[in-house]
Amino acid sequence: MSGIAGWVDFDRDLRGEGAAVRAMGEALRHRGPDGGDVWLDADAGLAHRRLAVLDPQRGRQPMVLDEDGRTTAVLSFSGAVYNHAELRAELRGRGHRFGTGTDAEVVLHAYAEWGESFAERLDGMFGLAVWDPARRSLLLVRDRAGIKPIYYHPTPSGVLFGSEPKALLTHPLVEPVVDVDGLRELLAFVKTPRTASYRGVYEVEPAEIVRISPEGTTTRRYWRLTAREHTDDHDTTVATVRRLLGGAVERQLTSDVGCGTLLSGGLDSSAITALTGRALAERGDGPVRSFAVDFTGQAENFTADVGRGSPDRPFAEELARHVGADHRTLTFSPDELADPGHRLTCLRAYDLPLFMGDMDVSIHRLFAGVRQHTPVVLSGEAADELFAGYRWFHDEALRDADTFPWLADAEHTFAGEGTADTTLLSPELWKLLDLPGYRRERYREALAEVPRLDGEPAADARMRELTYLNLSRFGRLLLDRVDRMSMAAGVEVRVPFCDHRLVEYVFNAPWSAKIAGGQEKGLLRAATRDLLPDSIFGRKKAHYPATQDTEYERAVRRELADLLDDSDSPVGPLLDERRARERLASDPGENSVNFRRRDMENVIQLDRWLRDYDVRLELG
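Residues numbered from 1 in each chain as written. Predicted model: local features only at pLDDT ≥ 70, side-chain atom pairs only at ≥ 80, totals over all residues. Heavy atoms only, no water.

**Q** Tell me about the overall build of the protein chain, and please be specific about residues and values.
**A** Each helix and strand counted, the protein chain has 25 helices and 19 strands in total. The globule rule puts the C-alpha radius of gyration for 620 residues at 25 Å, and the 24 Å found for the protein chain is close to it. Dimensions of the protein chain, computed from the C-alpha atoms along their principal axes, are close to 75 × 60 × 50 Å. Here the protein chain holds 620 residues, and the buried ones make up 62% of them. Contacts in the protein chain between residues far apart in sequence, at least 24 positions, make up 73% of those at least 6 positions apart. Counting every atom, the protein chain has about 23200 Å² of accessible surface; 47% of that belongs to carbon and sulfur. Here the protein chain contributes 80 positive and 101 negative side-chain charges, whose respective centroids are spaced 2 Å apart. (Helix = DSSP H or I, 4+ residues; strand = E, 2+ residues; numbered from the N terminus. Rg over C-alpha atoms; globule rule 2.2 N^0.38 Å. Buried < 20%, exposed > 50% of the residue type's maximum accessible area, 1.4 Å probe, protein only. Contact = heavy atoms within 4.5 Å. Areas by Shrake-Rupley, 256 points an atom, 1.4 Å probe, with all protein chains shown as cover. Lys, Arg positive; Asp, Glu negative; His and termini not counted. Charge placed at Lys NZ, Arg CZ, Asp CG, Glu CD.)

Here is the structure:
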């Protein structure tokens, strides 16, 4: 997977700036624990940290391509290109010679052969930088789904870039300043394209090429979703989904260090695990190694709530038996979930407060456990966005709400508990931020992007809108979270449901196909029916698990009480202290299932972020 960083400056000689470039790379050591290096020239310095998945003994980066004694291109690459073998064969036929078995070297030669159009030939997940000395130009390129991140900070005479904001914040030219719009983006839960909360820091968009040269900066998209008429009948549609998903899984098993899967016992992860098990068995490489998360006492004391109708563990274990997986469940206690050190690790992984409380800690600890067995896993992430698995696809009131559907769902589910008028932040801050207005504007912008199909029935058109919103906004929030939490533990997560061929096909399937059999994700269920036990085939969508142990909430309350008593707390001036103390005085038991504790967790993470990153809020 790895991490990339670098500095381009057309007005100064960077050959003496090795320490600054190296520090940017070192900030990403967690993404690449297997080694790192820098490359320097007059205009550019590139850094790299490597997680060795292909050809572990070779493949050092930044990777340099020399021809006739001159450097023609330099690459810093993060990710995986699943069609690297096919591209290697084609490039060899065109006269290229290779010294490693890595996909990165294929990418470098692809750029030399096809120039900027090389991006369209790559099938995978990646964030990469190519420096072309002759053209004095840098290309920043991101995969179609936005699985792998790249951030950049334009300077008066160039650019700074990195896989995560921390690489930029390491550099003295970038300050951790957050203004009103940056704080709005942090709190709004809408994932505005290109926005990164820190002032002057931007995110390369999915399927985007950013080109930086002495003439300036340009951007272009090399792929985008389009609306097409779907003409396949039901059986053909089901068979096509199965073929595309199975092909994506098989391609993504390319690794010299083995692969595992994340397994919750839900439809999506179970299908991926079953397909992985079959593919590995056919290669003679089985059994599949699967990993799940659980909490102390959860199975015995589970209480159904609006997001989770049943505990995951029994279903995950049943699926593991069904496919003969080598399965491990990592179980976490309330003390581990509330550990301030683990929460700080999550904060530093994301460079911003994630606001998902114990779920952030548990997923990071899961990946830390996975790393002891394998550095690569496949995940069922993005299936709900693509196959309409969320409640808001099926509830008429949520579906037709004039806002992002996940926000409508939160308002509906937690009315009077987690809404703006009862938050622990001060009324004056909420008035200044005007999050409802910010969300309305972002919603209108997102709707304007949706590809349309002339003559499409209104119901299908609305479902197309919802699918696009989920893929381009909500799903991106979750992909970012998985990337940061996994890479903080040195684990590469691959996402077969983000395969662009599958996404293009299912995006254009009509709503009637997606709810085949009258069930949520009916199309996916039909396509994977033969892989699954009956219990999992019929299981309803359950959100990522959270602990229900009241001991965890008591620990959160103790931490919030200490924060409120700290006169030096940087988050103190942002709070409604009266309301916060009222929350502390309420009964912990009544809040455990409906997650009102999330407001308390959010305040704690805001405080840690402001302290640890020495953030300067400019809200005037």
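**Q** If you had to explain the environment of Phe474 to someone new, which residues and values would you point to?
**A** Relative to the elements of secondary structure, Phe474 occurs in helix α18 (residues 458–487). Taking relative accessible area as the criterion, Phe474 reaches 8% and is therefore assigned buried. Each C-alpha atom of the pair Phe474 and Asp103 lies 30 Å from the other, and the pair is 371 residues apart in sequence. For Phe474, the residues in contact, after removing those within four places along its chain, are Phe189, Glu385, Tyr390, Trp392, Trp406 and Leu469.

**Q** Let's hear about the packing of helix α6 (residues 234–251) against helix α19 (residues 500–507): which residues, and what values?
**A** For any two helices packed against each other, one specifies the crossing angle of their axes together with the interaxial distance. Between α6 and α19, whose axes approach to 9 Å, the crossing angle comes to 160°. It follows from the interaxial angle that α6 and α19 lie roughly antiparallel. Judged by the twist between their axes, the crossing of α6 over α19 is left-handed. Here Thr236, Thr237, Thr240, Val241, Leu244, Leu245 and Arg251 of α6 come into contact with α19, specifically with Arg501, Leu502, Tyr505 and Val506. (Axes fitted to C-alpha atoms, helices over the stretch in contact; angles between N-to-C directions. Parallel < 35°, antiparallel > 145°, perpendicular 65-115°, else oblique. Left-handed = near helix turned anticlockwise from the far one by under 90°.)

**Q** Can you explain the packing of aromatic side chains? Please cite residues and give values.
**A** Scanning all chains against the criterion turns up 13 aromatic pairs. Taken together, a centroid distance of 5.2 Å and an interplanar angle of 85° make the contact between Trp392 and Phe474 edge-to-face. With Trp392 in the loop between α13 (383–387) and α14 (396–399) and Phe474 in helix α18, the pair connects residues that are 82 residues apart, well separated along the chain. Overall, the relative accessible area of 4% leaves Trp392 in the buried class. (Phe/Tyr/Trp six-rings, centres within 6.5 Å; stacked < 30°, edge-to-face > 60°.)

**Q** Kindly report on the confidence of the model for the protein chain, identifying the contributing residues and their values.
**A** Note: predicted coordinates in regions of low pLDDT should not be interpreted at a detailed level. Across the protein chain, pLDDT averages 94, with 97% of residues at or above 70. Note on residues 416–422: pLDDT is under 50 here. Beyond four places in sequence and across chains, it has 14 contacts. (pLDDT = per-residue confidence, 0-100.)

**Q** Can you lay out unusual backbone geometry for me, pointing to particular residues and giving the numbers?
**A** The general pattern is negative phi for most residues beyond glycine and trans for most peptide bonds. Of note, the bond from Gln61 into Pro62 is cis; its omega dihedral lies within 30 degrees of zero at 0°. Among the secondary structure elements, Pro62 is positioned in the loop between β3 (44–49) and β4 (63–67). The residue Asp614 is not glycine, and still its phi comes out positive at about 50°. By the secondary structure assignment, Asp614 is in the loop between α25 (597–612) and β19 (616–618).

**Q** Residues and numbers for the packing of helix α2 (residues 84–93) against helix α3 (residues 103–114), please.
**A** In contact at an axis separation of 10 Å, α2 and α3 are set at 45° when each is read in the N-to-C sense. It follows that α2 is oblique to α3 by the angle criterion. α2 and α3 meet at a crossing whose hand is left-handed. Facing His84, Leu87, Arg88, Glu90 and Leu91 of α2, the residues of α3 in contact are Asp103, Glu105, Val106, His109, Ala110, Glu113 and Trp114. Tallied by class, residues from the contact of α2 with α3 come to five nonpolar, two polar and five charged. (Nonpolar A, V, L, I, M, F, W, Y, C, P; charged D, E, K, R; others polar.)

**Q** Outline the pairing of strand β8 (residues 151–155), supporting the account with residue identities and numerical values.
**A** Taken across its five residues, β8 has four buried, putting it largely inside the fold. Pairing of β8 with strand β9 (residues 158–162) involves five bridges; the strand directions are antiparallel. Residue pairing for β9: Thr155 is matched across the bridge by Gly158. Counted along the chain from β8 to the antiparallel partner β9, the turn is two residues long. (Pairing = 2+ DSSP bridges.)

**Q** Go over the nonpolar core, please, and point to the residues and values.
**A** Counting 95 residues, the largest nonpolar core has Phe367 and Trp609 as its most contacted members. It is α18 that contributes the most residues to this core, seven residues altogether. Among residues more than four places away in sequence, those in contact with Trp609 are Val178, Leu186, Tyr198, Leu347, Asp351, Leu352, Pro353, Asp614 and Val615. Core analysis: the second largest hydrophobic core is formed by 84 residues, Met63, Tyr111, Leu245 and Phe497 among them. (Core = buried A, V, L, I, M, F, W, Y, C linked by side-chain atoms within 4.5 Å.)

**Q** Quick rundown of the sheet that holds strand β7 (residues 137–142)? Include the residues and the values.
**A** The sheet built from six strands is open, its strands ordered β4-β5-β6-β7-β12-β13 with antiparallel pairing. Because the sheet does not close on itself, it has two edges, and the strands there are β4 and β13 (216–221). Between one strand axis and the next, the sheet turns by 15° as a mean value, whatever way the strands run. The pairing of strand β5 (residues 70–81) with strand β6 (residues 124–132) spans eight bridges and is classified as antiparallel. When the bridges of β6 are listed, Val74 appears paired with Trp131.

**Q** Describe helix α5 (residues 180–188), with residues and values.
**A** Because an α-helix completes one turn every 3.6 residues, residues spaced three or four positions apart along the sequence face the same direction. Counting buried positions along α5 gives eight out of nine residues, so the element sits mostly inside the fold. Buried within α5 are the following residues: Val180, Gly182, Leu183, Arg184, Glu185, Leu186, Leu187 and Ala188. In this fold, the buried residues of α5 make contact with β10 (177–179), α15 (405–413), α16 (427–433), α17 (435–449), α25 and β19. You can read the cap of α5 off the contacts: a side-chain oxygen lies 3.3 Å from the backbone nitrogen of Asp181, and it is on Asp179. After α5 finishes, the residue Phe189 shows a positive phi value of roughly 60°. (Polar contact = N/O pair within 3.5 Å; in protein donor to acceptor, adjacent residues only side chain to side chain.)

**Q** I'd like a description of the sheet that holds strand β11 (residues 202–203), backed by residues and values.
**A** Remark on secondary structure: sheet strands pair via backbone hydrogen bonds, oriented parallel or antiparallel. Judged by pairing direction, the sheet is antiparallel, and its six strands sit side by side in the order β2-β3-β1-β9-β8-β11 without closing on themselves. Each having just a single partner strand, β2 (36–40) and β11 make up the two edges of the open sheet. Judged from the six bridges that link them, strand β1 (residues 3–9) and β3 form a sheet pairing that is antiparallel. Of the residues in β3, the one forming a bridge with Gly3 is Arg49.

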